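The lines below spell out each chain.
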Amino acid sequence: MAKPNGNSVRLAAGRGHHALPGPSVVPDRVLRAMHRAAPNIYEGELLEVSDTVYADLNTIAGNSGHALIYIGNGHATWEAALVNTLSKGDTILSLQTGRFGAGWAQTAKSLGINVEVIDFGTDQSVQVERVEAALRGDTEHSIKAVITVQTETSSSVSNNIPSIRSAMTACSHPALLMVDSIASFGCEPFKMDAWGVDILLTGCQKGLMTPPGLGIVFIGDGVWPLYEEANLNTPYWDWKSRVYPEYFAARFSGTPPTHHLFGLREALDMLLEEGMENVWQRHRVQATAVWAALDCWANSGCLAFNVPNAEDRSWVVTCVKTESGLASRLRAWCESETGLTLGIGLNLEPNGAKTTDDLFRIGHMGHLDPHALLGMLACIETGLHALGIKNSEGGVDAAMKYIATATRT
Ligand SMILES: *Cc1c(COP(=O)(O)O)cnc(C)c1O
């Protein structure tokens with residue numbers, strides 16, 4: 001490929017780094033745990049390992065109810081949550097701050113569920129006053145569930161889940177609270193029981209550092225009355241046969257995801273060895289370092305936070321707006337010249353359609369050290385220099401200084 005600057009030297013010859021907001025970097029320990037012969041699925045190690053996987057997932061979720069594992073991705077869990085609790089014609093309330101929340105609502109609509117939407121735009125968190133007002137207006141209690149997303153990966157907005165439950169409690173509304181934490185599970189704090197969340201969804205390929213393939217659903221004890229009434233359910237998705245299996249494989253409605261279970265076991269070991277409190281605080285520090293850098297790059301006037309208010313920002317992904325076309329050029333430069341792959345922008349209505357050219361996302365979730373984080377920021381800043389963006393200095397320095405302060409004992 002001809003080089004834009006006419007130089008012939010290529011520097012990107014190492015391992016490369018994918019700073020995507022999922023799938024995230026898979027640790028070597030997880031890869032090694034999956035590199036093994038096919039196990040017996042009827043008895044022995046796989047069954048014992050699986051028991052511990054379910055238990056540890058529940059620990060991380062803060063859930064005293066059940067955990068279910070589907071061979072599937074995040075979209076599979078959206079559907080699982082809806083069909084086990086709702087019937088055609090039921091009404092739910094969808095709190096949206098970006099494209100994934102909207103996608104879940106669209107899944108509900110295609111199942112024949114009536115979806116009321118509160119759209120908070122794509123640059124700020126859910127405002128609970130509006131949620132409370134909507135629920136107060138529902139005097140008949142026809143809204144069966146409130147659905148929302150913890151980290152909205154498209155916009156990088158983070159929603160305050162306990163405050164949404166408080167709004168529901170304040171007007172004594174009986175709806176279930178269902179939360180998609182597919183991007184943030186195992187990265188941002190989650191306390192399902194304490195926060196009053198009835199259904200929590202995640203996948204294994206983001207904070208859980210395992211190759212894509214498992215959709216994980218947590219259910220609290222409050223779901224069963226709606227489950228009994230729901231008429232959208234089908235055998236494959238059904239919760240009861242998975243929660244109370246007659247034999248091991250019935251947990252998965254068929255052949256278990258053998259190697260994924262071993263990989264996930266190793267990933268859970270890594271998280272629990274580190275300690276969840278540390279994992280969460282590490283993500284907060286990683287995110288703040290990225291923001292420190294972006295604060296400086298923004299002085300150029302060519303880049304900006306998609307989410308201006310730091311309180312509303314996710315700890316696992318940062319969405320960056322750029323002047324026209326810069327995002328595409330920067331992603332291409334970083335990938336070809338430094339081996340760093342950045343996340344593409346996803347369409348954020350109503351900001352226009354060409355967002356892949358004018359938005360990019362930095363994934364900072366999962367298996368990440370300061371050397372990778374600072375390397376990633378340095379590559380971006382180098383790219384800004386290479387592309388002639390003026391007044392974009394000092395980002396890496398600000399991130400280094402922040403990390404030095406954050407780690408000082
Ligand atoms: C990644 C993601 C999804 C979709 O997950 P898939 O595994 O791609 O189906 C849904 N919601 C959020 C918040 C996500 O980050």
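Higher on the page you've got the structure.
Below is a summary of the structure that appears in this document. Being a predicted model, the structure only gives us computed values, none of them experimental.

Thresholds applied
- Residues numbered from 1 in each chain as written.
- Predicted model: local features only at pLDDT ≥ 70, side-chain atom pairs only at ≥ 80, totals over all residues.
- Heavy atoms only, no water.
- Pairing = 2+ DSSP bridges.
- Helix = DSSP H or I, 4+ residues; strand = E, 2+ residues; numbered from the N terminus.
- Axes fitted to C-alpha atoms, helices over the stretch in contact; angles between N-to-C directions.
- Contact = heavy atoms within 4.5 Å.
- Salt bridge = Lys/Arg side-chain N within 4 Å of Asp/Glu carboxyl O.
- Buried < 20%, exposed > 50% of the residue type's maximum accessible area, 1.4 Å probe, protein only.
- Polar contact = N/O pair within 3.5 Å; in protein donor to acceptor, adjacent residues only side chain to side chain.
- Near = heavy atom within 4 Å.

### Considerations on the sheet that holds strand β2 (residues 66-71)
Next up, step 1: Reading across the sheet, the seven strands line up as β2-β10-β9-β8-β5-β3-β4 and stay open at both edges, with mixed pairing between neighbours. Each edge of the sheet is formed by a strand with only one pairing partner; in this case those strands are β2 and β4 (114-119). Pairwise comparison of adjacent strand axes, ignoring direction, gives a mean angle of 20° for this sheet.
Next up, step 2: Note that strand β9 (residues 199-203) and strand β10 (residues 214-219) share five bridges and pair antiparallel. Bridging from a neighbouring strand, threonine 202 pairs with isoleucine 216 of β10.
Next up, step 3: Strand contacts of helix α3 (residues 74-83): β2, β3 (91-96), β8 (176-180), β9 and β10, with the helix running at about 160° to β9, the strand carrying the most contacts.
Next up, step 4: Of the strands in this sheet, β3, β5 (143-149) and β8 touch helix α6 (residues 161-170), which is tilted by about 165° from β8.

### Let's talk about the pattern of salt bridges
Next up, step 1: What the rule picks out here adds up to 14 salt bridges.
Next up, step 2: Linking arginine 15 and aspartate 28 is a salt bridge whose minimum nitrogen-to-oxygen distance equals 3.1 Å. Of this pair, arginine 15 sits in the segment before β1 (17-19) while aspartate 28 sits in helix α1 (residues 28-34), and the two are 13 residues apart along the sequence.
Next up, step 3: With a relative accessible area of 71%, arginine 15 lands in the exposed category.
Next up, step 4: Taking the shortest distance from any N to any O, the salt bridge between glutamate 45 and arginine 36 comes out at 3.0 Å.
Next up, step 5: In this structure glutamate 45 comes out as partly exposed when scored by relative accessible area, which is 43%.

### Focus on the side chain of asparagine 159
Next up, step 1: Here asparagine 159 lies in the loop between β7 (157-158) and α6.
Next up, step 2: Within the structure, asparagine 159 has its side chain in polar contact with the backbone oxygen of valine 149 (distance 2.9 Å).
Next up, step 3: With residues near it in sequence (within four places) discarded, asparagine 159 still touches Thr97, Ser125, Val126, Thr148, Val149 and Gln150.

### Quick notes on the site of the ligand
Next up, step 1: The environment of the ligand is formed by 13 residues, the closest being His75, Thr153, Asp180, Gln205 and Lys206.
Next up, step 2: Taking glutamine 205, its side chain carries an N or O atom lying 2.7 Å from an oxygen atom of the ligand.
Next up, step 3: Residue lysine 206 places a side-chain N or O atom 2.7 Å away from an oxygen atom belonging to the ligand.
Next up, step 4: Here the shell around the ligand takes three residues from α3, the largest share from any one element.

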